[in-house]
Amino acid sequence: MNPTTLIIPAITLTTMPLAASADITHLEDNRSYNSNLLLFGGPGTTTIDDERIVYFNDFDQVIIDSLENSISDPVIGNANTSVDFESSITHTEFYSNATTSASATTFEGGSIAFANMAVFNSVYFTIDETTNFNINGFVSGSNSTSESVINFSSRTENGDYIDTIFDQYSFNQTISINTTLELEAGAYSFFALSYASPSAFESNRSFSGTAAHEITVTVVPTPASSALLFLASSTLLIRRRR
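Not measured: the values here are computed from a predicted model.

### Focus: the overall build of the chain
Okay, step 1: If you tally the helices and strands in the chain, you get zero helices and 17 strands.
Okay, step 2: By residue count, 40% of the 242 residues in the chain fall in the buried class.
Okay, step 3: Partitioning the intrachain contacts of the chain with sequence separation of at least 6 by distance along the chain shows that 76% fall at a separation of at least 24.
Okay, step 4: For the chain, the exposed area adds up to about 13100 Å²; of that, 51% sits on carbon and sulfur atoms.

### A word on the side chain of Arg31
Okay, step 1: In this structure, Arg31 sits in strand β3 (residues 24–41).
Okay, step 2: Here Gln61 takes part through its backbone oxygen, which lies 3.0 Å from a polar atom of the side chain of Arg31.
Okay, step 3: Separated by 3.0 Å, the side chains of Arg31 and Ser87 make a polar contact.

### Focus on the environment of Thr145
Okay, step 1: Within the secondary structure, Thr145 sits in the loop between β9 (131–141) and β10 (146–155).
Okay, step 2: Along the sequence, Thr145 and Thr210 sit 65 residues apart, while their C-alpha atoms lie 8.8 Å from each other.
Okay, step 3: For Thr145, the side chain forms a polar contact with the side chain of Asn143, separated by 2.8 Å.

### Topic: the pairing of β10
Okay, step 1: Judged by how many residues are buried, β10 sits mostly within the fold: nine of 10 residues are covered.
Okay, step 2: In this structure, β10 lies alongside strand β13 (residues 186–196), joined through 10 bridges in antiparallel fashion. When the sheet's bridge partners are listed, Val149 is paired in β13 with Leu193.
Okay, step 3: As paired strands, β10 and strand β11 (residues 161–170) are joined by eight bridges and run antiparallel to one another. By the bridge assignment for β11, Ser153 is matched with Thr164.

### With respect to the pattern of salt bridges
Okay, step 1: Throughout the structure, instances matching the rule amount to three salt bridges.
Okay, step 2: Where Asp29 meets Arg31, a salt bridge forms, and the shortest distance between an N and an O atom there is 2.7 Å.
Okay, step 3: Among the residues examined, Asp29 registers a relative accessible area of 10% and is labelled buried.
Okay, step 4: Put simply, Asp50 and Arg52 hold a salt bridge, and the shortest N to O gap is 3.6 Å.

### Comments concerning the environment of Val149
Okay, step 1: Among the secondary structure elements, Val149 is positioned in strand β10.
Okay, step 2: The sequence separation of Val149 and Gln168 amounts to 19 residues, and the corresponding C-alpha distance is 5.6 Å.
Okay, step 3: Setting aside anything within four residues of it in sequence, one finds Val149 in contact with Gln168, Tyr169, Phe191, Ala192 and Leu193.

### A short note on the sheet that holds strand β7 (residues 93–106)
Okay, step 1: If you walk across this open sheet you meet the six strands as β5-β6-β7-β15-β9-β12, and the pairing is antiparallel. A single partner strand is all that each edge strand has here, and the edge strands are β5 (63–73) and β12 (173–183). Taking the axes of each pair of neighbouring strands and ignoring which way they run, one obtains an average angle of 10° across the sheet.
Okay, step 2: Of the strand pairs in this sheet, β9 and β12 are connected by 11 bridges, and their pairing is antiparallel. Following the sheet pairing, Asn132 is matched in β12 by Glu182.

### Some words on the nonpolar core
Okay, step 1: Core analysis: the biggest nonpolar cluster contains 23 residues, and Phe94, Phe125, Ile135, Ile150, Phe152 and Phe190 have the highest contact counts within it.
Okay, step 2: Within the residue set of this core, elements represented by two or more residues are β3, β8 (110–127), β9, β10, β12, β13 and β15 (205–219).
Okay, step 3: Sort the elements by how many residues they give to this core and β12 lands first, with four residues.
Okay, step 4: Sequence-distant contacts of Phe94, defined by excluding residues within four places in its chain, comprise Ile24, Leu27, Ser88, Ile89, Val123, Phe125, Phe190, Ile215, Thr216 and Val217.

### Quick word on the packing of aromatic side chains
One pair of aromatic rings is described through two measures. These are the centre distance and the angle between the planes.
Okay, step 1: Enumeration over the complete set of coordinates arrives at nine aromatic pairs.
Okay, step 2: With 6.4 Å between their ring centres and 50° between their planes, Phe133 and Phe152 make a pair best called tilted. Note that Phe133 is positioned in strand β9 and Phe152 in strand β10, a separation of 19 residues in sequence. Both residues of the pair, Phe133 and Phe152, count as buried.

### So, unusual backbone geometry
Okay, step 1: Located in the positive-phi region is Asn172, a residue other than glycine, with phi close to 55°.
Okay, step 2: Within the secondary structure, Asn172 sits in the loop between β11 and β12.
Okay, step 3: Phi is positive for Asn204, close to 55°, though the residue is something other than glycine.
Okay, step 4: Locating Asn204 in the fold gives a position in the loop between β14 (199–200) and β15.

Rules used throughout
Residues numbered from 1 in each chain as written. Predicted model: local features only at pLDDT ≥ 70, side-chain atom pairs only at ≥ 80, totals over all residues. Heavy atoms only, no water. Helix = DSSP H or I, 4+ residues; strand = E, 2+ residues; numbered from the N terminus. Buried < 20%, exposed > 50% of the residue type's maximum accessible area, 1.4 Å probe, protein only. Contact = heavy atoms within 4.5 Å. Areas by Shrake-Rupley, 256 points an atom, 1.4 Å probe, with all protein chains shown as cover. Polar contact = N/O pair within 3.5 Å; in protein donor to acceptor, adjacent residues only side chain to side chain. Pairing = 2+ DSSP bridges. Salt bridge = Lys/Arg side-chain N within 4 Å of Asp/Glu carboxyl O. Axes fitted to C-alpha atoms, helices over the stretch in contact; angles between N-to-C directions. Core = buried A, V, L, I, M, F, W, Y, C linked by side-chain atoms within 4.5 Å. Phe/Tyr/Trp six-rings, centres within 6.5 Å; stacked < 30°, edge-to-face > 60°.

Below, the structure written as structure tokens:
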């Protein structure tokens, strides 16, 4: 019986990588949190004031930070704030996660107690063609003085505000967000804000509040290009030897 030689041509499979959609051609961030505390009253009208502000301005920097701040007076009252903050920014994803809380209490000799804890996560960016962004997460606030907000706005090239494209607020509730936003080529800003800001303006009063958000904004990749299947030879050669 004659041997048979089976020759199968090489097959090359070429796929195009997932594109990251349009390029984010300009990217700036301004991330910060601040604590403001104030007590007023007591003998001699004593005032205790404290403010702490922390700024981050490097989008390559992943932020994981926390702060607890407080002031107190045995006659006037006390004020307290706290925050846990995590944030990262890249050319394809913005992530912001913050939990803020604050309380303000006046005693018999106090007339004002104020506490404010706020986290601000801002991104200014431009894109060179229409791009889809997926927005996923939640915003929450415990009362009218504690709120979380996210916002997308269009801007001019020099950063001037034009119009709000998408926003979401939360008072006394938690709101889940899962939506896709289509942005045409241009300049935009995105920010996420959470603040708790209770205050007492009479003696023997106590108020508190909490606010939180966790938001992930992701550039939606364009579909992969169709796979190209190239056959080095379109025929299967079978050669018989006698």
